[in-house]
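In case you want the letters, here they are:
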Amino acid sequence: MAFINTIRKRSGIVFTFITLGLLLFLFGRDLLSIHSIFRNKNSQVIGKINHESILFTDFQHILEKARYYFYLQHQRYPSPEVQARIRDEVWENMVLERMYQQSCQNLSLTVSDEEMIDMIQGDHIHPELVQAFTDPKTKKFDKKDIITYLENIAQASHEKQKQWQALESSLKDARLKKKLHTLLQKSIYINNLEAEKKQKLQSIYKKVQYCWIPHQNISPSSTEVTEDMVKNYYEKHKKKYAVKESRAIVYVALPIVPYSKTVIDFEKELTSLAHQFAISKDCHQFLKMHTDDHQNTTQTLTEKQMFSLFPQEKKFYNQQVLGPVKQGQVYQLFKVVATYPKEKKYDLLVLTKEMTVGDQEKNNLFRQASLLTKHASSVAEFKAYAAKNNFTIYTSTAIHEDSHGIDQHHTYAREIVRWLYNEAKPGRVSSVFEVNQHYMVAMMTQKNKKRFLPLAEVSSSIKKILEKKNSIQKKYHMLQKEIQSGITLEIIAQKYKVKIMDHQLTFDQRHLPVGGGSDNEFLGVIFGNVDSKKIYVRPTREGLWLFLVKQQGQMKEKTTTVADYKKQNQQLAMILQNFNFKNYLKQLADIQDQRHNFY
């Protein structure tokens, strides 16, 4: 029983490995109401992957487990913005897991019972299990500990049994994925002839002279753009001018902040805490009793960081209390507990206090916001009442169904977005939303259907695009004619007031010199069958590159042997294959993401 208790104490460690496929990410506190879940009585499908439906309940089940685990780890909930990111990450993992499972099924890849036994208690125990059952004191692993744990698992709690089953499942999935990647990697092979050819190409170099001519250095050439040219461009690039369905709203946002009296009282409390913190004999116990953040109670800062954080101080000494440092509604006091003059470092204890808004203050603010919902039955009345009460009025004209926020002022407000697409009607005021420390009230002003921007609306911008494009082409052809007439690079540089530079390019070059950016096509021209007397021109949006190959050859000193090159490129190909395989799976899969209907 003693060992079982030890295992139970370690169960937090074991539990972490469930996150291999099941509890990687967290869903936040905004659990949906019954209305949100069942507003579409015909479907609870949150998405589809290769025509296989994912139900909201299944998705929610994983998120709730992760939520519980995250709370145990951090003793806090994430912000709404973090919750949105976590849901995206969970969805991404579910998509990949489903696609990997299907690929393994198509290839008839399985993990046998014998493999599972060997991986859990046999001769090839999984490294994660070895780490979980390593004695923290002796740093030694004994397989008997796992066997004893398994012998007693039937007597363990139902929760512990489920945790172990989930761990076994995640280990099995990880083994399947490893088999798939190993199978793919074994298909990669670079033979000796290929390695020798690549090594030879790698040693090729080109010495070039080049100059860069910005467009403004070349006299602008007039370009005529006809209506037919604009129309043809619009038809070819019509998708570029597509506008998704959206909603327009007007809203107010009352910040939930403390009254001035609360601020004064809080500042008095901080002053008292700073004094007590300074004279406290047991600072760690003092922190336990008074800090609001029990996860971050110590810091080690360099002297440079200290002066950056406390610029008003001239020096720092042991037992000194510094601060408070304010970050939003959070204040921190720092106490120096150790100094290291040689390293110019300091150990500090950190006491964190958050200035919260009282219930009475929140109730008063909520009452102000709720009065707006009763006194506005039109946009005009909404704006008039808001102006009368000195509420800041915001407008947003293009909120999409999958938007996280409503504008640059409020980048996360999914509750309002869901209201807009499920309940809102033009001219009807919303209820009061509590979003990001604000009480918000909104009214939809317009529904914007999916459409294409009309040609008349975009013709002027298209005309500018075509004028610039035609101008670049004219300048390019003008330079080509000058080159064909026998003009030298020196004369061109002098004419357009630019400098000629020299550079040595290698075959594996990925970028042009001096900020030229990536231009594989132009580099391909340079390393092709070029004429050493010919000047090559490459037009870009910003200007034109001119290159003249002066010398070419092979470097005498080879950077790597054929064997090294073969090994390096085979490893690189394996890494790239794993990355590319994921992308290929996602491209081939028919993924339908309908989460915006629920979150």
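Placed above this text is the structure.
The shown structure was predicted, so the numbers you read here are calculated from the model rather than taken from an experiment.

What counts and what doesn't
- Within each chain, residues carry numbers counting from 1 in the order of the written sequence.
- Since the coordinates come from a predicted model, pLDDT governs what is reported: local features require at least 70, and pairs of side-chain atoms require 80 or more to be given and counted, while whole-chain, interface and lining totals use all residues.
- Excluding hydrogens and water, the side-chain values take into account all heavy atoms of the structure.
- Patch construction takes residues with relative accessible area above 30% that form no salt bridge. Like charges are linked within 9 Å, and nonpolar side chains (Val, Leu, Ile, Met, Phe, Trp, Tyr) are linked within 5 Å.
- Per-residue accessibility takes into account occlusion by the displayed protein chains alone, with areas from the Shrake-Rupley method and a 1.4 Å probe.
- Salt bridge, as used here: a side-chain nitrogen of Lys or Arg that lies within 4 Å of a carboxyl oxygen of Asp or Glu.
- His residues and chain termini do not enter the charge count, which takes Lys and Arg as positive and Asp and Glu as negative.
- A single reference atom marks each charge: NZ on Lys, CZ on Arg, CG on Asp, CD on Glu.
- Segments assigned H or I by DSSP are reported as helices when at least four residues long, segments assigned E as strands when at least two residues long, and all are numbered from the N terminus.
- One requirement defines pairing of two strands: DSSP has to find at least two bridges between them.
- Angles run from 0 to 180 degrees between N-to-C directions of axes, and those axes are lines fitted to C-alpha atoms, restricted for helices to the stretch in contact.
- In this description, contact between two residues means that some pair of their heavy atoms is separated by no more than 4.5 Å.
- A 1.4 Å probe rolled over the protein chains alone gives each residue an accessible area, and that area as a share of the maximum for its type sets the label: buried under 20%, exposed over 50%, partly exposed in between.
- Relative orientations are named as follows: roughly parallel for angles under 35 degrees, roughly antiparallel for angles over 145 degrees, roughly perpendicular for angles from 65 to 115 degrees, and oblique for any other angle.
- Here a crossing is called left-handed whenever its near helix is offset anticlockwise from the far helix by less than a right angle, and right-handed whenever the offset is clockwise.
- Picture the helix axis, draw a direction to every C-beta atom, and the arc is the one those directions span.
- Geometry of aromatic contacts follows a simple scheme: Phe, Tyr and Trp rings, the Trp one being its six-membered ring, pair when their centres are within 6.5 Å, and the pair is stacked under 30 degrees between planes, edge-to-face over 60, tilted otherwise.
- Whether a charge sits over a ring depends on NZ of Lys or CZ of Arg being within 6 Å of the ring centre and within 35 degrees of the ring normal.

All right, on to a positive patch on the surface then. There is a patch of like positive charges on the surface, built from Lys425, Arg428, Lys447 and Lys449. Relative to the helices and strands, lysine 447 is located in strand β12 (residues 438–448).

It is worth spelling out the sheet that holds strand β3 (residues 204–214) at this point. Sheet architecture is open: four strands sit in the order β14-β3-β16-β15, paired in antiparallel fashion. Both outer strands of the open sheet, β14 (501–506) and β15 (535–539), are each paired with one neighbouring strand and no more. Each strand of the sheet is rotated relative to its neighbour by a mean of 35 degrees, with strand direction disregarded. The sheet contact formed by β15 and strand β16 (residues 543–554) spans five bridges and is antiparallel. Considered in β16, the bridge of proline 539 is made with leucine 544. Of the strands in this sheet, β3, β15 and β16 are in contact with helix α17 (residues 455–484), which crosses β15 at around 175 degrees.

On to the pattern of salt bridges. Inspection of the entire model under this criterion finds 11 salt bridges. One continuous salt-bridge network, built from bridges that share partners, spans Asp88, Asp593 and Arg595.

Time to look at the side chain of arginine 414. Among the structural elements, arginine 414 can be located in helix α16 (residues 414–422). Buried and without a salt bridge, arginine 414 has aspartate 402 as its closest oppositely charged side chain, separated by 6.3 Å.

Before going further, it helps to spend a moment on the packing of helix α8 (residues 158–186) against helix α20 (residues 562–588). Two elements in contact, α8 and α20, have axes separated by 10 Å at closest approach and are oriented at 125 degrees. Here α8 is positioned oblique relative to α20, judged by the angle of their axes. Remark: the crossing between α8 and α20 carries right-handed chirality. Residue-level contacts link Leu180, His181, Leu184 and Gln185 of α8 to Met574, Gln577, Asn578 and Phe581 of α20.

On to the sheet that holds strand β8 (residues 330–340). A sheet is described by the order of its strands in space; here four strands give the open sequence β6-β9-β8-β7, paired in antiparallel fashion. Every other strand in the sheet has two partners, leaving β6 (298–302) and β7 (321–327) as the edge strands with one partner each. This sheet shows a mean twist of 35 degrees between the axes of neighbouring strands, independent of strand direction. Relative to strand β9 (residues 345–354), β6 is paired through five bridges, and the arrangement is antiparallel. The residue bridging threonine 300 from the neighbouring strand is aspartate 347, located in β9. On top of the sheet, helix α11 (residues 260–279) reaches β7, β8 and β9; it is set at about 15 degrees to β8, its chief contact. Of the strands in this sheet, β8 and β9 are in contact with helix α12 (residues 283–290), which crosses β9 at around 25 degrees.

In this section: the pairing of β9. Counting buried residues along β9, eight of its 10 residues qualify, which places the element largely inside the surrounding structure. Bridge count for β8 against β9 is 10 bridges, and the pairing is antiparallel. Across the sheet, the residue bridging to valine 330 is glutamate 354, located in β9. Joining the antiparallel neighbours β8 and β9 is a turn of four residues, in which lysine 344 adopts a positive phi near 55 degrees.

Within α12 the residues assigned to the buried category are Cys283, Phe286 and Leu287. Relative to the axis of α12, the buried residues are bounded by an arc of 100 degrees and lie together on one face. Residues of α12 that are exposed and angled more than 90 degrees away from the buried face: His284, Lys288 and Met289. Among the structural elements, α11, β8 and β9 are those in contact with the buried residues of α12.

So, on to the packing of aromatic side chains. All told, the structure shown has 19 aromatic pairs when counted by the stated rule. Ring geometry for phenylalanine 366 and tyrosine 439: centres 5.4 Å apart, planes at 80 degrees, overall edge-to-face. Residue phenylalanine 366 is found in helix α14 (residues 359–374), and its partner tyrosine 439 is found in strand β12; the two are separated by 73 residues along the sequence. With a relative accessible area of 37%, phenylalanine 366 lands in the partly exposed category. With relative accessibility at 5%, the residue tyrosine 439 sits in the buried group. Aromatic rings pair up to connect Phe307, Phe310, Phe316, Phe334 and Tyr346 into one cluster. In this arrangement the basic side chain of lysine 238 is found over the ring face of phenylalanine 452, its NZ or CZ atom lying 5.1 Å from the centre. Directly above the ring of phenylalanine 277 sits lysine 335, whose terminal nitrogen or CZ lies 5.6 Å from the centroid.

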